[in-house]
Amino acid sequence: MTAISLSGVSAHYGAVKSLADISFAVETGGRVGLVGESGSGKSTLCRLLVGLRTPSSGESSVFDRPVSDYLAKDARLFRRTIQLIMQDAAASLSPRMSIRNLLREVITIHALPIEETWSWIETLTARLGLSKSIYDRYPHEVSGGQARRLAIVRALALKPRIVVADEPTAGLDVSVQGGLLNLLIEIQKELSLTYLMISHDLRVIRRVTDRVLVMYLGQVVEDGETEALFHRPAHPYSAALLSTSAAHAPNQAAQPIILHGEIPSAVNPPSGCRFHTRCPVSQSRCRTDPPPWRRLPENRSVRCHFPYSLSFA
C-alpha cells in the first residue's frame, strides 16, 4: 500500500519557486531519507506533506487520499495519521505551558483515552532517556537536546502511521544520537510506521533509511536504495555530497568533489539542467535541455543527461 504519493507537485512563495514538478511514492513501512543543501526545498516538501502549506500545482496524497480532502473533511484524523517533527524543536513548544500540559494537550485535542495514552507517553519519555521530573519544567528550562526528544515524544504520542522528521538528531551528542536512532527504528517496527527523514548528516541517513531522495534547487535529482546510492551515486550532485561525507570510511573517498559557487536563486533557476552551473561534468546540452527521468539498474532513477558511474567501493 502506498503511504505517501506526490504527483507533479510544485510550490511557489511569490516569485520563489521552492518545488518544481515533484513526483514520487513511498510504500507503507518505508524509511526514506531526503538530502540536499539548504535551499533545496526539503523543508517546504515536508510542510506540504503534513498540510502546513498547499501546492501551487499537482497533488499530494496520504494512503491514496488527497491531503486537501483530509483537511477539508477530517483534519484531526489527518493529524493523527501523519506527524511532523520540526527542525526547530524548542520553537515548537509553547513557552506558556509546562511540559506536562504540552503533552496532555495532545490527549485533549484528539480525545484520546487518558490513562492509556499517558502511559504510552511515560514509556516514550523513559525510552528517550528523560526523567519524569521534566514534566514540571517549562520549555525554557530544558536543553536543546531535551526539547528535541520531547518533540519526538509529542509526535509519537498519537501513534501516527507516518512520521516526517526534519533533522531529528540535530544538536544531540553522538552517544544520544545513536540511542535515539535505535529507538526510532524499534518504534517503526512496533507501530509499522512510515518514515520520511531529512538530515544533513549522511551517516544518519545511511544508518536509518532504506531509500534516499536527493534534492537540488526544488527538484528530486536522484532516487534509489540507500546502499546502492551510497556505493555508486549516479547524479554528479549526489557524488559530490557523498565524496566529502564521513558516512564513508577514509579509504573509500578518493578525492572530494568540490562544487564551486552557491546554489542558484529559486526565483530564477538556471535553464536546462538546474545543476549545470556547478556541475563538474556539465556539457553544452546541459545548459539548454532539461534532463528527463532515467531508469537505472538496481531500482534507481536519476535526472541527468550523463549519469555518473563513480563507485565508493
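Remember, it's a predicted structure, so these values are computed and weren't measured experimentally.

Cut-offs and rules
- Residues numbered from 1 in each chain as written.
- Predicted model: local features only at pLDDT ≥ 70, side-chain atom pairs only at ≥ 80, totals over all residues.
- Heavy atoms only, no water.
- Helix = DSSP H or I, 4+ residues; strand = E, 2+ residues; numbered from the N terminus.
- Rg over C-alpha atoms; globule rule 2.2 N^0.38 Å.
- Buried < 20%, exposed > 50% of the residue type's maximum accessible area, 1.4 Å probe, protein only.
- Contact = heavy atoms within 4.5 Å.
- Areas by Shrake-Rupley, 256 points an atom, 1.4 Å probe, with all protein chains shown as cover.
- Pairing = 2+ DSSP bridges.
- Axes fitted to C-alpha atoms, helices over the stretch in contact; angles between N-to-C directions.
- Phe/Tyr/Trp six-rings, centres within 6.5 Å; stacked < 30°, edge-to-face > 60°.
- Lys NZ or Arg CZ within 6 Å of the ring centre and 35° of its normal.
- Parallel < 35°, antiparallel > 145°, perpendicular 65-115°, else oblique.
- Left-handed = near helix turned anticlockwise from the far one by under 90°.
- Nonpolar A, V, L, I, M, F, W, Y, C, P; charged D, E, K, R; others polar.
- Salt bridge = Lys/Arg side-chain N within 4 Å of Asp/Glu carboxyl O.
- Polar contact = N/O pair within 3.5 Å; in protein donor to acceptor, adjacent residues only side chain to side chain.
- Disulfide = S-S within 2.5 Å.

What the protein contains, in helices and strands, is 10 helices and 12 strands. What you see for the protein is a C-alpha radius of gyration of 20 Å, in line with the 20 Å of a compact globule of 313 residues. Each of the three principal axes of the protein carries a C-alpha extent, and together these read 65 × 45 × 35 Å. The buried share of the protein, taken over its 313 residues, is 53%. Considering only contacts within the protein whose residues lie at least 6 apart along the sequence, 63% involve residues at least 24 apart. When the accessible area of the protein is evaluated, it comes to approximately 13,900 Å², of which 50% is carbon and sulfur surface.

The next thing to look at is the pairing of strand β11 (residues 293-296). By the bridge criterion, four bridges tie β11 to strand β12 (residues 300-303) in an arrangement that is antiparallel. Bridge assignment links R295 to a residue of β12, and that residue is S301. In textbook terms, the turn of a hairpin is the stretch between consecutive antiparallel strands, and for β11 and β12 this stretch comprises three residues, one of which, E298, has a positive phi near 65°.

As a further point, take the sheet that holds β12. Strand order in the open sheet formed by eight strands is β6-β7-β8-β3-β9-β10-β12-β11, and the pairing between neighbours is mixed. The open sheet has two edge strands with one neighbour each: β6 (82-85) and β11. Pairwise comparison of adjacent strand axes, ignoring direction, gives a mean angle of 20° for this sheet. Relative to strand β7 (residues 162-166), β6 runs parallel, the two sharing four bridges. Within β7, the residue paired with I82 across the bridge is I162. On top of the sheet, helix α1 (residues 42-49) reaches β3 (31-35), β6, β7, β8 (194-198) and β9 (211-216); it is set at about 150° to β8, its chief contact.

So, on to unusual backbone geometry. The bulk of non-glycine residues show a negative phi, and the bulk of peptide bonds are trans. Positioned with a positive phi, D21 is a non-glycine residue whose angle comes to about 55°. The residue D21 is located in strand β2 (residues 16-27) in this model.

It is worth spelling out the packing of aromatic side chains at this point. Within the structure shown, the criterion is met by five aromatic pairs. Centre to centre, the rings of Y70 and F78 are 5.2 Å apart; their planes meet at 45°, and the pair counts as tilted. A relative accessible area of 6% means that Y70 is categorised as buried. Aromatic pair Y237 and F275: ring centres 5.3 Å apart, planes at 65°, arrangement edge-to-face. Of this pair, Y237 sits in helix α10 (residues 236-243) while F275 is found in the loop between α10 and β11, placing the two residues 38 residues apart along the sequence. Across the pair, F275 and Y237 agree in class, each one buried. The structure contains a cluster of three or more aromatic residues connected by ring pairs, namely Y216, Y237 and F275. For the cation-ring pair, R104 lies above W118, with the distance from its terminal atom to the ring centre recorded as 4.4 Å. Above the plane of the ring of W120 lies K159, whose end atom (NZ or CZ) is 4.9 Å from the centre.

Turning our attention to the packing of helix α4 (residues 99-109) against helix α5 (residues 114-127). One way to put it is that α4 packs onto α5 with a least axis distance of 10 Å and a crossing angle of 135°. The angle between α4 and α5 places the two elements in the oblique class. Like other packed secondary-structure pairs, α4 and α5 cross with a definite hand, here right-handed. Residue-level inspection shows R100, L103, R104 and I107 of α4 in contact with α5, the latter providing I114, T117, W118 and I121. The class makeup of the residues in the contact of α4 with α5 is five nonpolar, one polar and two charged.

For side chains of opposite charge, pairing can occur when their charged atoms come near one another. Applying the stated criterion to the full structure yields 14 salt bridges. A salt bridge links D136 to R100; the nearest nitrogen and oxygen atoms lie 3.1 Å apart. Remark: R100 occurs in helix α4 and D136 occurs in the loop between α5 and α6 (144-156); sequence separation between them is 36 residues. On the basis of relative accessible area, D136 is assigned to the exposed category, the value being 54%.

Residue position: S56 is located in the loop between α1 and β4 (57-62). Looking at S56, the relative accessible area reads 43%, which means it is partly exposed. The sequence separation of S56 and A20 amounts to 36 residues, and the corresponding C-alpha distance is 9.7 Å. In this structure, S56 is in contact with S10, A11 and H12, ignoring residues within four places of it in sequence. Reaching out from S56, the side chain makes a polar contact with the backbone nitrogen of H12 at a distance of 2.9 Å.

Attention now moves to the state of the cysteines. All chains considered together, the criterion is met by zero disulfides. Here C273 stays free of any disulfide, with the sulfur of C286 as its closest cysteine sulfur at 5.9 Å. C273 sits in the buried class, given a relative accessible area of 10%.

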